[in-house]
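Now for the letters of each chain:
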Amino acid sequence: MMHSRNRVVVTVTFALVVVMAIIAIGLGSVRVPIPDILQALFHASSSHVNDTIIFDIRLPRVLLALIIGANIAISGAILQAVMGNPLADPGLTGVTSGAAVAVLTIMLVMPEYTSFIPIAAFIGGIIAASIVYSLAWKKRGLSPISIILAGVAVNALCGGVVGYLSIMYSDRLPSAVQWMNGSLAAKGNHVLWMVLPYSIVGWIASIFAIRKTNIIKLGDQVASNLGENVNMIRILLSILAVFLAATSVAAIGMIGFVGLIVPHMARFLVGSNYKYLLPMSMALGALVLLIADTGGRTIVAPLEIPAGIVMAVIGGPYFLYLMRRSVF
Amino acid sequence: MLTVDSISIQYEKKTVIQDFSFSVQEGEIVSIIGPNGSGKSTILKAISRQLAPSKGDIKLQGVNISKLGRKETARQMCMLSQRNTAPEDMTVYDLVSYGRYPHKRWFEKLAEKDEKIIEWALEKTNMTQFKEKRIAMLSGGESQRAWIAMALSQQPKILLLDEPTTYLDISHQHEVLELVQELNREMNMTVIMVLHDLNQASYYSNRIVVVQNGKKQSCGTPEQVMTTDMVKNVYRMNCEINCNCNDKKPRIHLLNSTKVRGGISVDKAN
């Protein structure tokens, strides 16, 4: 009963993502009517101008928002299960800023190695996650407070490094500013092609992670009783979460709150079984970031607000609301 | 079936269990009793491989358990702790179905055979009527039964129970222990459990192991173990013991503490 209801909810959300994506392609300085979009997407070109707008500008940006949103949300959902902590999200735990420091180091200090950015982001995220684990791990597991404190420490440390790099390499900074704010502007097809393969690998791994995630949520003792190597699962799932978050950082910089609030929204809608929670987080994450980005580029047009800033403005109050409802 | 051969267990360099041995035959119910902090649960944790003994071996049907695969161990033994937490919105059926995972490879789905076993486990524990209910909505006794159903669907040969009755009122305590006894009798399931209540241990066990300060104080049938001297030595309580008229199991009536005010033991010589 619950299962079939959840299946419907997840399917409807995915359908909503497609609808929103088509609407978002139409919005912008040049409005493209929806029939024209559909014609361009599914048939031969309607007009050359529309083709350029849709395929070179809007579609890559929309797809990028969907992919990144999905990645961060899945990462948050997995971290929340692995750390047994509703506050665990790549941003608050410092994974995002660890990855960001690594990316910024390459961008500013060694711009000739730009192709290593995704790998660097991953390594930076892993280092940050390891620091959080070693600081927050008490005898009886991870406590919510210590994770947040460890996250504050890692974020502060990374903030310091970012500040230092910005001053030392201020001449090269303009190229990095948009990236630092989590902007999807002018990313184009090459960024899309950079993150897509990593993301697909991450999504496939996530499908296999569903059962393990559910088992680990029963508690360490029960999980090991069911023949699972709890610490190994925890390490592998953390690596997966960092991997997904790091691909996003590498592509568009720091976007907060998606990983925190989306899994909560998903849990509210489909419950805590990861068979539904994970795909639901994926769809909702895609939807939320698409709305944030599309809103950011249309509300104050011709100016643009980076999606990262829109998310902070929406996410902050939502976070306070969660605290008020004492979800943690 | 299971032999614990002179194991020692250390927690951060402190020896909690020292040179402890006992063995369990197939189809037995063995209770481990002892005061708080004596190391009862630690022994159960070592048997269920959550702690590795620093010395000695634990053998399951002649094979050292540290050499068994994790899933293999899970198919042989299942441990339930005194309090388990499931995600709030998990249904009883979903919980019980997790018991099948040690029997599945990581990509395998539940087959019809697994579903039959799940239904059977629900029926055995009298939980069929609750299968669509959420765990969080159940009473303490019902939720303990749901966890036992999960353990059953794992189809272990040995069931390890760590204080299965601690958080339950007396009628639910009785219900859970009756269920354990029924499983033992009908399916010849071997049960090793840690209990606090001496009378329950005496009534439901074939044999009792008494643990004191990490060492085995005594071991034997309830009649052999339950003596006024044992209770006085281990629990510092005076008691009377008589026999249950029906089954001749000893019944303990605790009288008073042997300690006088100020904590000085009257019978220090013991």
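One can find the structure itself at the top, above this paragraph.
The paragraphs below set out a description of the structure included in this document. (Residues numbered from 1 in each chain as written. Chains lettered and ligands numbered in written order. Predicted model: local features only at pLDDT ≥ 70, side-chain atom pairs only at ≥ 80, totals over all residues. Heavy atoms only, no water.)

### Let's talk about the overall build of chain A
Within chain A, the regular secondary structure consists of 13 helices and two strands. Computed over C-alpha atoms, the radius of gyration of chain A comes to 20 Å, within 12% of the 20 Å expected from 2.2 N^0.38 for 328 residues, which places it in the range of a compact globule. If you line up chain A on its principal axes, its C-alpha atoms span 65 × 60 × 35 Å. By sequence separation, contacts in chain A at least 24 residues apart represent 74% of the contacts at least 6 residues apart. Carbon and sulfur atoms provide 73% of the accessible area of chain A, an area that totals close to 14300 Å². (Helix = DSSP H or I, 4+ residues; strand = E, 2+ residues; numbered from the N terminus. Rg over C-alpha atoms; globule rule 2.2 N^0.38 Å. Contact = heavy atoms within 4.5 Å. Areas by Shrake-Rupley, 256 points an atom, 1.4 Å probe, with all protein chains shown as cover.)

### Description of helix α9 (residues 228-235) of chain B
All names here are of chain B. All buried positions along α9 are accounted for by M230, V231 and V234. The buried residues of α9 all sit within an arc of 95 degrees when viewed along its axis, so they share a single face. Note on α9: the residue one or two positions beyond its end, R236, has a positive phi of about 55 degrees. (Buried < 20%, exposed > 50% of the residue type's maximum accessible area, 1.4 Å probe, protein only. Arc of directions from axis to C-beta.)

### Things to note about the nonpolar core
Counting residues in hydrophobic clusters, the biggest one holds 152 residues, and the most contacted among them are L218 of chain A together with V92 of chain B. Of all the elements, helix α3 (residues 48-82) of chain A adds the most residues to this core, at 18 residues. The residues contacting V92 of chain B, other than those within four sequence positions of it, are L122, M127, F130, K131, K133, I135, L138 and A146 of chain B. Judged by nonpolar contacts, the second largest core, of 28 residues, contains F20, A46, I47 and L160 of chain B. (Core = buried A, V, L, I, M, F, W, Y, C linked by side-chain atoms within 4.5 Å.)

### Points about the interface of chain A and chain B
If you look at the interface, chain A gives 20 residues, while chain B gives 32 residues. Carbon and sulfur atoms make up 51% of the area that chain A and chain B hide from each other, which totals about 2000 Å². The largest share of the area that chain A buries against chain B comes from R211, L218 and L226 of chain A, three residues that together contribute 31% of it. Summed over the shared surface of chain A and chain B, the number is six residue pairs in polar contact (both at pLDDT 80 or more). Residues of the side of chain A that touches chain B, tallied by class, amount to six nonpolar, ten polar and four charged. (Buried area = accessible area lost by both parts, 1.4 Å probe. Polar contact = N/O pair within 3.5 Å; in protein donor to acceptor, adjacent residues only side chain to side chain. Nonpolar A, V, L, I, M, F, W, Y, C, P; charged D, E, K, R; others polar.)

### A look at the packing of aromatic side chains
Under the definition given, this model contains seven aromatic pairs over all chains. Ring geometry for Y113 of chain A versus F116 of chain A: centroids 6.0 Å apart, planes at 50 degrees, classification tilted. Here F20 of chain B and F22 of chain B contribute two aromatic rings whose centre-to-centre distance is 5.7 Å and whose plane-to-plane angle is 80 degrees, an arrangement assigned as edge-to-face. Exposure remark for F20 of chain B: the relative accessible area of 0% places this residue in the buried category. (Phe/Tyr/Trp six-rings, centres within 6.5 Å; stacked < 30°, edge-to-face > 60°.)

### As for the pairing of strand β9 (residues 207-212) of chain B
All names here are of chain B. Within β9, five of the six residues are buried, which leaves it mostly tucked inside the rest of the structure. Summarising the sheet, strand β3 (residues 29-33) and β9 pair through four bridges and their orientation is parallel. Across the sheet, residue I33 finds its bridge partner in β9, namely V210. Alignment of β9 against strand β10 (residues 215-220), held across five bridges, turns out to be antiparallel. Pairing of Q212 across the sheet is with K215, part of β10. The turn joining β9 and β10, which pair antiparallel and follow one another in sequence, is formed by two residues; a positive phi near 50 degrees is taken by N213. (Pairing = 2+ DSSP bridges.)

### Focus: the pattern of salt bridges
Residues and elements named next belong to chain B. The tally for this structure, following the rule as stated, stands at eleven salt bridges over all chains. Notably, a salt bridge pairs E28 with R207, separated by 2.7 Å at the nearest N-O pair. Here the residue E28 occupies a position in the loop between β2 (14-24) and β3, and R207 occupies one in strand β9, the gap between them amounting to 179 residues. Here E28 matches R207 in class, with each residue buried. (Salt bridge = Lys/Arg side-chain N within 4 Å of Asp/Glu carboxyl O.)

### A word on the environment of V161 of chain A
Residues and elements named next belong to chain A. Turning to its location among the elements, V161 is positioned in helix α6 (residues 144-168). With relative accessibility at 33%, the residue V161 sits in the partly exposed group. Linking V161 and I22, residues 139 residues apart in sequence, is a C-alpha distance of 40 Å.

### Here we look at helix α5 (residues 117-136) of chain A
Along its 20 residues, α5 of chain A runs 28 Å from first to last C-alpha, staying within 8% of the 28 Å computed at 1.5 Å per residue. All of the buried residues in α5 of chain A are I117, P118, A120, A121, G124, G125, A128, A129, V132, Y133 and A136 of chain A. (Expected span 1.5 Å × (residues − 1).)

### Remarks on the sheet that holds strand β5 (residues 63-64) of chain B
Residues and elements named next belong to chain B. Spatial strand order, β2-β1-β4-β5: four strands in an open sheet with antiparallel pairing. Here the strands that pair on one side only, and so sit at the sheet edges, are β2 and β5. By the bridge criterion, seven bridges tie strand β1 (residues 2-11) to β2 in an arrangement that is antiparallel. From the neighbouring strand, Q10 faces β2, where its bridge partner is T15. Packed on one face of the sheet, helix α1 (residues 40-47) meets β1, β2 and β4 (55-60) and runs near 115 degrees to β1. (Axes fitted to C-alpha atoms, helices over the stretch in contact; angles between N-to-C directions.)

### A short note on the sheet that holds β10 of chain B
Residue and element names in this part refer to chain B. Reading across from one edge, β6-β7-β8-β3-β9-β10 is the order of the six strands in this open sheet, with mixed pairing throughout. Only two strands of the sheet have a single partner each, and these edge strands are β6 (77-80) and β10. Between one strand and the next, the sheet's axes are offset by a mean angle of 15 degrees, whatever the strand orientation. Together, β3, β9 and β10 form the strand contacts of α9, whose direction differs from that of β9 by roughly 35 degrees.

### Quick word on the packing of helix α8 (residues 188-216) of chain A against helix α12 (residues 274-298) of chain A
All names here are of chain A. Orientation of α8 relative to α12, taken along the N-to-C sense of each, is 145 degrees, at an axis distance of 9 Å. Where α8 crosses over α12, the two elements pack in a sense that is right-handed. Facing α8, whose interface residues are W203, S206, I210, T213 and N214, α12 presents Y274, K275, L278 and M282. (Left-handed = near helix turned anticlockwise from the far one by under 90°.)

### As for the environment of A246 of chain A
Residue and element names in this part refer to chain A. When you line up the elements, A246 lands in helix α10 (residues 230-252). Sequence separation of A246 and I119 is 127 residues, and the distance between their C-alpha atoms is 8.4 Å. Here A246 is in contact with A99, A121 and F122, once residues within four sequence places are set aside.

Read these as spatial facts, not as claims about activity.
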